[in-house]
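Structural features, examined
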Amino acid sequence: MRTIVFLLATTVLASTAWAEPTFLAKQYTRCTACHYSPTGGGLLTPYGRLLSHRELSTTGGASTAPASGAEDDPHGEQAFLFGALGDALGPVHLGLEMRPAHLRIGFPGGHQDMNLLMNLDLIGALQKNGWTAYGSVGREPPNSAVRDSRTLPDAAFVSYEHWISYQTDQGFGIRAGRFLPAYGVRFADHTATTRADLDLDRNDQVYGLEVSDTLGPSLIQVMVSPGKAEAILHDSSHRGFSTAGRWQFDLAPRATIVGSAFYRHSTDVDPQSGAVGGAFGFAPTSHVSIWTEVDANLQTKAVGGHSWVVVNETSVEVYRGIWLKFSPQLQTSGGTPGFSDLRRIALAADLLPRTHWNVNVSYYHDHTFHASTSTLLAQLHLSM
């Protein structure tokens, strides 16, 4: 049972960058509408910050449209450190992310409580003439997979993302560096089975090259890489060629479909693996969004096989800046000896009281053949 608790805690500790497909209800179908990263999450653009302040938060909104250029105002409440630095940063945009949390894991015969500082990151971006330079540095969570593989001391820092990109006015883009590959839907809940169980979690960035092209309502992203970033830096036995592709087509302002594929070549210790899947998102109203993703996890392994991962996330805005979420999830075992299907029900409440502030309370009930566990996570996400 200690193993179950450790795995659950380690999974939650890995939480970081925030991405929100829920805002499809507000007619935002692309990550780059609000984020610097083409795959979503991380630092908000000035427009994303202004949108959070005026339209998405419970308080701070305005009945009149913002003046032209208001998103670039370094003195506004939505700016870095509430605009305290004013013009001092020039063209550089910074963000500070901190996420204190309380975790309770319930299991047969008891429970365990933990107070956590899940992440503390400084993120920066410089954008000019189509070029973007992006990087993050922060405290590495204790008990993370990266830390364990490198046997680092308690006080350790890591840069999970750093890359340079260029995008033309016609929509063609290229990016090189360390980043998370584009695949499927990047749910805010990174523990969703379509993220954690497909090797698309916090520690799964690659050093690679990504090419993208926007053709009207269609977006294509293709990535090639010599392997996961941490394997390249610290463990060559896990290093192997990988490639991924993602295609998104916006059917309407509140409806989109996504197709994805991923391939990883075998390494000295890992079998050849891959995934292929599709997702559909639509918002029947400006206060409801529904996403469903189905993926086949493919692995050439004597004791394994093909498994399926299914996630649905339905989000309802019950009041401005207050979202309730319901997410049933399924992961089949693929016939792997000693493993059984995982069935999860996730419930969450997201509160956006004011720009920079996000309160999240999530409850997970996981059931397998062996046991059932429940997890309660309460977190305060400060993004300044």
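This is a predicted model, so every value here is computed, not measured. (Residues numbered from 1 in each chain as written. Predicted model: local features only at pLDDT ≥ 70, side-chain atom pairs only at ≥ 80, totals over all residues. Heavy atoms only, no water.)

**What about the overall build of the protein chain?**
Within the protein chain, the regular secondary structure consists of five helices and 17 strands. A total of 384 residues make up the protein chain; the buried ones form 49% of that total. On the protein chain, roughly 17200 Å² of surface is accessible, and the fraction owed to carbon and sulfur atoms is 63%. (Helix = DSSP H or I, 4+ residues; strand = E, 2+ residues; numbered from the N terminus. Buried < 20%, exposed > 50% of the residue type's maximum accessible area, 1.4 Å probe, protein only. Areas by Shrake-Rupley, 256 points an atom, 1.4 Å probe, with all protein chains shown as cover.)

**Focus on the packing of aromatic side chains**
In this description, a pair of aromatic rings is defined by centroid distance and the angle of the planes. Tallied over the entire structure, the rule returns six aromatic pairs. Plain terms: the ring middles of F280 and F282 are 5.5 Å apart, the flat faces sit at 20 degrees to each other, and that makes the pair stacked. For F282, a relative accessible area of 30% gives the class partly exposed. Of note, R175 hangs over the ring of W163, and the distance from its end group to the ring centre comes to 4.9 Å. Sitting over the ring of F179, R175 keeps its end group 4.1 Å from the ring centre. (Phe/Tyr/Trp six-rings, centres within 6.5 Å; stacked < 30°, edge-to-face > 60°. Lys NZ or Arg CZ within 6 Å of the ring centre and 35° of its normal.)

**Remarks on a nonpolar patch on the surface**
On the surface, a nonpolar cluster with roughly 590 Å² of combined accessible area is contributed by F326, I345, L347, L351, V359, V361, Y363 and L376. Where the nonpolar patch is concerned, the elements lending two or more residues are β15 (342–354) and β16 (357–367). Residue placement: L351 occurs in strand β15. (Patch = residues over 30% accessible without salt bridge, like charges linked within 9 Å, V, L, I, M, F, W, Y side chains within 5 Å. Salt bridge = Lys/Arg side-chain N within 4 Å of Asp/Glu carboxyl O.)

**A look at the pattern of salt bridges**
For side chains of opposite charge, pairing can occur when their charged atoms come near one another. Throughout the structure, instances matching the rule amount to eight salt bridges. The shortest N-O distance in the salt bridge between E317 and K26 comes to 2.7 Å. Placement of E317 in strand β13 (residues 307–319) and of K26 in the loop between α1 (2–13) and α2 (46–56) is noted, with a sequence separation of 291 residues between them. The residue D350 makes a salt bridge to K325 at a minimum N-O spacing of 2.9 Å. Residue D350 is found in strand β15, and its partner K325 is found in strand β14 (residues 322–331); the two are separated by 25 residues along the sequence.

**Things to note about the pairing of strand β8 (residues 218–225)**
For strand β7 (residues 206–215) and β8, the ladder comprises seven bridges, and the chain directions are antiparallel. Bridged to E210 within β8 is M223. The turn linking β7 back onto β8 is made up of two residues, and G216 within it adopts a positive phi angle of 60 degrees. Judged from the eight bridges that link them, β8 and strand β9 (residues 242–252) form a sheet pairing that is antiparallel. Looking at the pairing, I220 lines up with W247 of β9. (Pairing = 2+ DSSP bridges.)

**Remarks on the nonpolar core**
Ranked by size, the top nonpolar core spans 17 residues in total, and within it F23, L51, V185, F187, W291 and W323 carry the most contacts. Within the residue set of this core, elements represented by two or more residues are α2 and β11 (273–285). For V185, the contacting residues outside a window of four places in its chain are P21, R195, A279, W291 and E293. Membership of the second largest hydrophobic core comes to 16 residues, among which are I123, Y134, W163 and M223. (Core = buried A, V, L, I, M, F, W, Y, C linked by side-chain atoms within 4.5 Å. Contact = heavy atoms within 4.5 Å.)

**Some points on unusual backbone geometry**
Of note in the backbone geometry, Q27 takes a positive phi value of approximately 70 degrees without being a glycine. In this structure Q27 comes out as partly exposed when scored by relative accessible area, which is 42%.

**Topic: the confidence of the model for the protein chain**
Model confidence for the protein chain is summarised by a mean pLDDT of 84, while 84% of its residues fall at 70 or above. Confidence over residues 1–11 falls short of pLDDT 50; this stretch has 19 contacts with residues more than four positions distant or in other chains. Low pLDDT, under 50, characterises residues 13–17; the stretch is placed with 21 contacts to residues that sit more than four places away or in other chains. (pLDDT = per-residue confidence, 0-100.)

**Description of α2**
Burial runs high along α2: nine of the eleven residues are buried. Of all the residues in α2, the buried ones are P46, G48, R49, L50, L51, S52, H53, R54 and L56. Structurally, α2 contributes buried residues whose contacts are with β1 (92–107) and β15.

**Here's the deal with the environment of E210**
Turning to its location among the elements, E210 is positioned in strand β7. For the pair E210 and T243, spaced 33 residues apart in sequence, the C-alpha separation works out to 9.5 Å. Apart from the residues lying within four places of it in its own chain, the contact partners of E210 are P38, T39, G173, I174, R175, F179, A182, Q221, V222 and M223.

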